[in-house]
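# Examining the three-dimensional arrangement
Listed below are the residues making up each chain.
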Amino acid sequence: ELKEIVFIIQSQSNSFHSKKAEDLKRDILKQAADLGKELPTVLLIHQMDGHEGAWTILPLMRDFSVTYGRNSSWIFFCEEDTRIQVVKLLETLGRFDGSKEWFLGKALYDEESTIIHHYAFAENPTVFKFPDFAAGWALSIPLVKKLAKKLKSEPLKSDFTIDLKHEIALYIWQKGEGPHLTPVPEFCTDDVNSYKVDHCATTFSNFLPLCGEPVKKEDVFVAVKTCQKFHGDRIPVVKQTWEREAALIEYYSDYADISIPTIDLGIPNTDRGHCGKTFAILERFLNHSSPRTPWLVIVDDDTLISIFRLRKLLSCYDPNEPVFLGERYGYGLGTGGYSYITGGGGMVFSRIAVQKLLASKCRCYSMDAPDDMVLGMCFSGLGIPITHSPLFHQARPMDYPKGYLSHQIPVSFHKHWNIDPVKVYFTWLAPNTEEELNGKKVGYNREDL
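Not measured: the values here are computed from a predicted model.

### Here's the deal with the domain arrangement of the protein
- The domain boundaries assigned to the protein delineate domain 1 (2–204) and domain 2 (217–429).
- Distance from the C-alpha centre of domain 1 to the C-alpha centre of domain 2: 30 Å.
- Facing 31 residues of domain 1, the contacting portion of domain 2 comprises 33 residues.
- With both chains or domains summed, domain 1 and domain 2 bury close to 2,700 Å², and 56% of this area falls on carbon and sulfur atoms.
- Linking domain 1 to domain 2 there are one salt bridge.
- A salt bridge links E111 to K402; its shortest N-O distance comes to 3.6 Å.
- Applying the counting rule to domain 1 against domain 2 returns eight residue pairs in polar contact (both at pLDDT 80 or more).

Next up, the structure:
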């Protein structure tokens, strides 16, 4: 029965995202009403109990077990851009015995072991499957109860949340004692208009959001963090690739080199962390750039980014809201903790977010503190939510499953290790003519990079 499925939308509190989640909720309930069925429960994760770590899902298992353990059969999770055919979903879940422990989803796997998964399953990474959240994924209530019980006796360790879908699958797998992910072919990430979707219970349509005209080039100020030792090898890559997409760009270093040109902020370079430098960039943006420039992007000198696509993405966000956007990680979320935007993929700030941050007393506890984590801590303390976009990437294309990247038009990648960064940029990020003309989704010729 439909009323035995609890739908959880992995929503966010930013106004653009919460509206999309509300639209999806309305669509699910309308489909249920049109079927003449008793309405299911549909919950938005950002509205649940104000828990900073609610987006990591595992901390909610005990609530799910207590509240829905008696009258429900499945908890079904989806993203705000997942499209659901309720009748097909009912048929699909009906194939599985809900009294057993099931973990269902569209399977992703690593082609090779990767840093973002701590090199797990190094001998053969393809053996371990984890769900593509975009296609939706489901847990049977017996499995939810088992996880809730385990969490009660063994609280979550308070370390890093880096790739949630992989980490949840690892937790459920319990070193081989729990269930593996069961792949479900009806959970799809094909576009809703594709000829392939007839058999699909779910589809997905978030190649690159566009909400009206892209923001103007002059509305995005780009700050590149560099230092003298990388002027010779990293900066030329930026100049050969994405620099031409930026109208306003400055390079911040520990040494003023007029040939680039770089600006010496008077902050000595540190081997790691760079908190002092990042806060100096924020101060400079507020005090020296035009107050009419609503957006700031801070990137590393080995970040590859499409400013062209970022301008499309930013058309969906209100610059009058405090926005802090990028790829979200978590630290210590099982025990309080905070979320943060990981720096390598690029950190995007609305001017008002920078104003609120600098008006607060929150600053670096040392010059080489990790800048992205300190910013996360500060914004968390100010009650300003982190806004996650899966289109920003802390690592290289080869570090992600092909199936995961196949339904994205990415905005950034990071790192130059063992790759040709110029080739990566032109394969994955450079706007091609068709995209520039009409903004349509296009087929990319992406070699295995």
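Now that the structure is up, let's keep going.
### Brief notes about the confidence of the model for the protein
- Overall, the prediction assigns the protein a mean pLDDT of 93, with 95% of residues at 70 or greater.
- The low-confidence segment residues 439–445 (pLDDT under 50) makes 14 contacts with residues lying over four places distant or belonging to another chain.

### Examining the environment of A256
- Within the secondary structure layout, A256 lies in the loop between β13 (248–253) and β14 (262–264).
- Using a relative accessible area of 46% as the deciding quantity, one classes A256 as partly exposed.
- Sequence separation of A256 and C227 is 29 residues, and the distance between their C-alpha atoms is 9.6 Å.

### Re the nonpolar core
- Ranked by internal contacts, the top residues of the largest apolar core, which has 84 residues, are M61, F64, L139 and L310.
- If one sorts the elements of this core by residue count, helix α5 (residues 164–173) sits on top with six residues.
- When residues of this core are assigned to domains, at least three map to each of domain 1 (2–204) and domain 2 (217–429).

### A closer look at the pairing of strand β19 (residues 338–341)
- Here β19 shows a buried face lined by Y338 and Y340 and a second buried face lined by S339 and I341.
- Pairing between strand β18 (residues 328–331) and β19: four bridges, direction antiparallel. Paired with Y329 across the strands is Y340, a residue of β19.
- Between the antiparallel neighbours β18 and β19 lie six residues, among them G332 with a positive phi of about 60°.

### So, the sheet that holds β18
- If you trace the three strands from one edge of the open sheet to the other, you get β9-β18-β19, paired in antiparallel fashion. Strand pairing shows two members of the sheet lacking a second neighbour, β9 (160–161) and β19, which therefore form its edges.
- In terms of strand pairing, β9 meets β18 through two bridges, oriented antiparallel. Paired with T161 across the bridge in β18 is G330.
- Each of β9, β18 and β19 touches helix α10 (residues 371–382); the most contacted strand, β19, lies at about 130° to it.

### Observations concerning a nonpolar patch on the surface
- Taken together, the side chains of I115, Y119 and W417 make up a nonpolar region of the molecular surface, amounting to roughly 320 Å² of accessible area.
- Mapped onto the secondary structure, Y119 falls in the loop between β6 (107–108) and β7 (130–131).

### What to know about helix α1 (residues 15–34)
- Compared with the 28 Å implied by 1.5 Å per residue over 20 residues, the 28 Å span of α1 between its first and last C-alpha is a close match.
- Residues of α1 that are buried include every one of F16, H17, S18, K20, A21, L24, I28, Q31 and A32, and no others.
- Looking at the buried residues of α1, the elements they touch are β1 (5–10), β2 (41–44), β3 (74–79), β4 (82–84), α3 (86–94) and β21 (387–388).
- The N-terminus of α1 is capped by N14, whose side-chain oxygen sits 3.0 Å from the backbone nitrogen of F16.
- Within two residues after α1, G36 carries a phi angle of roughly 70°, on the positive side.

The rules we used
Residues numbered from 1 in each chain as written. Predicted model: local features only at pLDDT ≥ 70, side-chain atom pairs only at ≥ 80, totals over all residues. Heavy atoms only, no water. Domains from an automatic or database assignment. Contact = heavy atoms within 4.5 Å. Buried area = accessible area lost by both parts, 1.4 Å probe. Salt bridge = Lys/Arg side-chain N within 4 Å of Asp/Glu carboxyl O. Polar contact = N/O pair within 3.5 Å; in protein donor to acceptor, adjacent residues only side chain to side chain. pLDDT = per-residue confidence, 0-100. Helix = DSSP H or I, 4+ residues; strand = E, 2+ residues; numbered from the N terminus. Buried < 20%, exposed > 50% of the residue type's maximum accessible area, 1.4 Å probe, protein only. Core = buried A, V, L, I, M, F, W, Y, C linked by side-chain atoms within 4.5 Å. Pairing = 2+ DSSP bridges. Axes fitted to C-alpha atoms, helices over the stretch in contact; angles between N-to-C directions. Patch = residues over 30% accessible without salt bridge, like charges linked within 9 Å, V, L, I, M, F, W, Y side chains within 5 Å. Areas by Shrake-Rupley, 256 points an atom, 1.4 Å probe, with all protein chains shown as cover. Expected span 1.5 Å × (residues − 1).

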